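Tertiary structure, described
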Amino acid sequence: GAGFYYITLYKKEMRETKAQLDSMEFTGEAGNGLVKVVMTGERQVISVTINPDVLDPEDADMTQDLVLAATNDVLAKIEVETEKMMGKYAKNIPGF
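What counts, and at which threshold
- Residues numbered from 1 in each chain as written.
- Predicted model: local features only at pLDDT ≥ 70, side-chain atom pairs only at ≥ 80, totals over all residues.
- Heavy atoms only, no water.
- Buried < 20%, exposed > 50% of the residue type's maximum accessible area, 1.4 Å probe, protein only.
- Helix = DSSP H or I, 4+ residues; strand = E, 2+ residues; numbered from the N terminus.
- Pairing = 2+ DSSP bridges.
- Axes fitted to C-alpha atoms, helices over the stretch in contact; angles between N-to-C directions.
- Contact = heavy atoms within 4.5 Å.

1. Let's talk about the pairing of strand 1 (residues 25–30)
The side-chain alternation of strand 1 yields one buried face, formed by F26, G28 and A30, and one unburied face, formed by E25, T27 and E29. Relative to strand 2 (residues 35–40), strand 1 is paired through six bridges, and the arrangement is antiparallel. Directly across from A30, in strand 2, lies its bridge partner V35. Taking the residues that link successive antiparallel strands as the turn, the strand 1-strand 2 hairpin has four residues, and the phi of G31 there is positive, at about 60 degrees.

Here it is, written out as structure tokens:
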């Protein structure tokens, strides 16, 4: 019936939106751009860039904190975009 058709169409649209989200790239930054982490929407790390100015052998903790902050920043951006793009589907699926 028509209901099955709409469910199939809905699932197809959801898959396409998820694929689009997964292929997007997001950049998280810390220390005014001294550390950058780039991930896909699937949360796969593509690159980590660390400005040599923050590489102080006497203060590795600072560099580690910046990498951590940049990683959390990019994950938060992915989460916001995921909610924006996929939220309409989650609202209509019980238990999602």
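Structure's up, so let's keep going.
2. A word on the sheet that holds strand 3 (residues 45–50)
Spatial ordering of the open sheet is given by 1-2-3, a layout of three strands whose pairing is antiparallel. Looking along the sheet, the strands with just one partner apiece sit at the ends: strand 1 and strand 3. Strand-to-strand twist of the sheet, defined as the mean angle between neighbouring strand axes without regard to direction, takes the value 15 degrees. In this structure, strand 2 lies alongside strand 3, joined through five bridges in antiparallel fashion. Within strand 3, the position partnered with V35 by the bridge is I50. Lying on the sheet, helix 2 (residues 60–90) is in contact with strand 1, strand 2 and strand 3; it crosses strand 1 at an angle near 140 degrees.

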